[in-house]
Amino acid sequence: MKNKLIAPSILSADFGNLQKDIEMINKSPADWFHVDVMDGRFVPNISFGFPVMKTIKQYATKFIDVHLMIVEPEKYVKDFVKEGADLISIHYEACTHLHRNIHQIKDLGVKAGVVLNPSTPVSVLEDTIMDIDLVLLMSVNPGFGGQKFIEHTYKKIHQTKALIQQYETNTLIQVDGGVNQHNAALLFKSGADVLVAGNAIFSSPNPTATIEMLKK
Ligand code: DX5
Ligand code: ZN
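What counts, and at which threshold
Residues numbered from 1 in each chain as written. Chains lettered and ligands numbered in written order. Predicted model: local features only at pLDDT ≥ 70, side-chain atom pairs only at ≥ 80, totals over all residues. Heavy atoms only, no water. Near = heavy atom within 4 Å. Polar contact = N/O pair within 3.5 Å; in protein donor to acceptor, adjacent residues only side chain to side chain. Areas by Shrake-Rupley, 256 points an atom, 1.4 Å probe, with all protein chains shown as cover. 1 Å grid on protein atoms, 1.4 Å probe; cavity = no way out; pocket = protein on both sides within 12 Å on 5 of 7 lines; lining within 4 Å. Sits in = over half its atoms within 2 Å of the grid points. Helix = DSSP H or I, 4+ residues; strand = E, 2+ residues; numbered from the N terminus. Nonpolar A, V, L, I, M, F, W, Y, C, P; charged D, E, K, R; others polar. Donors = N, O, S within 2.8 Å, 3.2 Å for Na, K, Ca; no water. Buried < 20%, exposed > 50% of the residue type's maximum accessible area, 1.4 Å probe, protein only. Contact = heavy atoms within 4.5 Å. Phe/Tyr/Trp six-rings, centres within 6.5 Å; stacked < 30°, edge-to-face > 60°. Salt bridge = Lys/Arg side-chain N within 4 Å of Asp/Glu carboxyl O.

Caption draft 1: Main features of the site of ligand 1. The immediate surroundings of ligand 1 are formed by 20 residues, with D36, G143, G146, D176 and G198 found nearest. Note that an oxygen atom of ligand 1 is positioned 3.3 Å from one of the side-chain N or O atoms of H67. Here D176 contributes a side-chain N or O atom positioned 2.6 Å from an oxygen atom of ligand 1. A total of 380 Å² of accessible area belongs to ligand 1 in isolation, and the protein chains cover 99% of it. For ligand 1, the cavity whose grid points lie within 2 Å of the majority of its atoms is the largest pocket. Among the secondary structure elements, those contributing two or more residues to the shell around ligand 1 are strand 2 (32-38), strand 3 (63-69) and strand 8 (194-197). Each residue belonging to the shell around ligand 1 can be placed in one class, and the counts come to eight nonpolar, ten polar and two charged.

Now the structure itself:
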């Protein structure tokens, strides 16, 4: 997979006309669909589940990246694969048996990512980095779109990059939360491969132009 990818977050799309926003992303230079699933237990918000996932799969022509902000993700990964996920990311903080859960996802034939909350140090990945396709660094506390970017994410990108180099893996680094036109270039320069953006894209007057801007 090439880097410098943009993954618009469907969480900020117009659910009254989801097909229109999905088709906008299909036609835009965006690379992935980022799908935020929240259960009201792991995070203090509920987003959506399988019916919305079905609609995304029905119209999307690009890679589908599912970010599970739920407790006991192992109970649902099989169904998300069935509904079209190409990559599933699970939170380190939500998994008692992270190694088992990563391999459960990979055995289903899709890519596996691990997400770290802003308060979780990168060092917890020392024994899993060789098994995962992507590290998702949360740059806000998960649960809501439109929050302010947490600056210490840059330090965590450098630490993740160092870990990837130490273990010589091809793991991608993704950053999620508060990404916009002002910080995207520096995030890519710092070593991020994939940037998620919700509010910056969908609340802009020209979402396609904003995606183009984020990619540059
Ligand atoms: C936060 C979600 C993010 C969020 C990003 O819990 O994981 O993907 O939608 O939204 P913005 O870009 O608005 O911060
Ligand atoms: Zn997300």
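Still more to cover.
Caption draft 2: Local environment of the coordination of the zinc ion (ligand 2). The protein atoms donating to the zinc ion (ligand 2) are H34 (NE2), D36 (OD), H67 (ND1) and D176 (OD), with metal-donor distances spanning 2.0 to 2.3 Å. Spacing between the donor residues of the zinc ion (ligand 2) along the chain follows H-x1-D-x30-H-x108-D. Judged by its relative accessible area of 0%, H34 falls in the buried class. When its relative accessible area of 4% is taken as the criterion, D36 is described as buried.

Caption draft 3: Spatial organisation of the side chain of T171. In this structure, T171 sits in the loop between helix 5 (153-167) and strand 7 (172-176). Given the relative accessible area of 5%, T171 is considered buried. At a separation of 3.4 Å, a polar atom in the side chain of T171 contacts the main-chain carbonyl oxygen of I129. A polar contact is formed between the side chain of T171 and the side chain of T169, at a distance of 2.7 Å. Beyond its immediate chain neighbours, meaning those up to four positions away, T171 contacts I129, I132, D133, L134, V135, I164 and D193.

Caption draft 4: Layout of the packing of aromatic side chains. Counted under the stated rule, the structure contains four aromatic pairs. Seen in terms of ring centroids, F15 and F48 are 5.6 Å apart; in terms of plane orientation they differ by 45°. Their pairing is tilted. Highlighted residues: F15 in the loop between strand 1 (5-8) and helix 1 (18-27) and F48 in the loop between strand 2 and helix 2 (50-59), separated in sequence by 33 residues.

Caption draft 5: Quick peek at the pattern of salt bridges. Under the defined criterion, the tally for this structure stands at three salt bridges. In this structure, K54 and E83 form a salt bridge, with 3.0 Å as the shortest nitrogen-oxygen distance. Note that K54 is positioned in helix 2 and E83 in the loop between helix 3 (77-82) and strand 4 (87-91), a separation of 29 residues in sequence. Judged by relative accessible area, which is 48%, K54 ranks as partly exposed. By relative accessible area, E83 is classed as buried at 13%.

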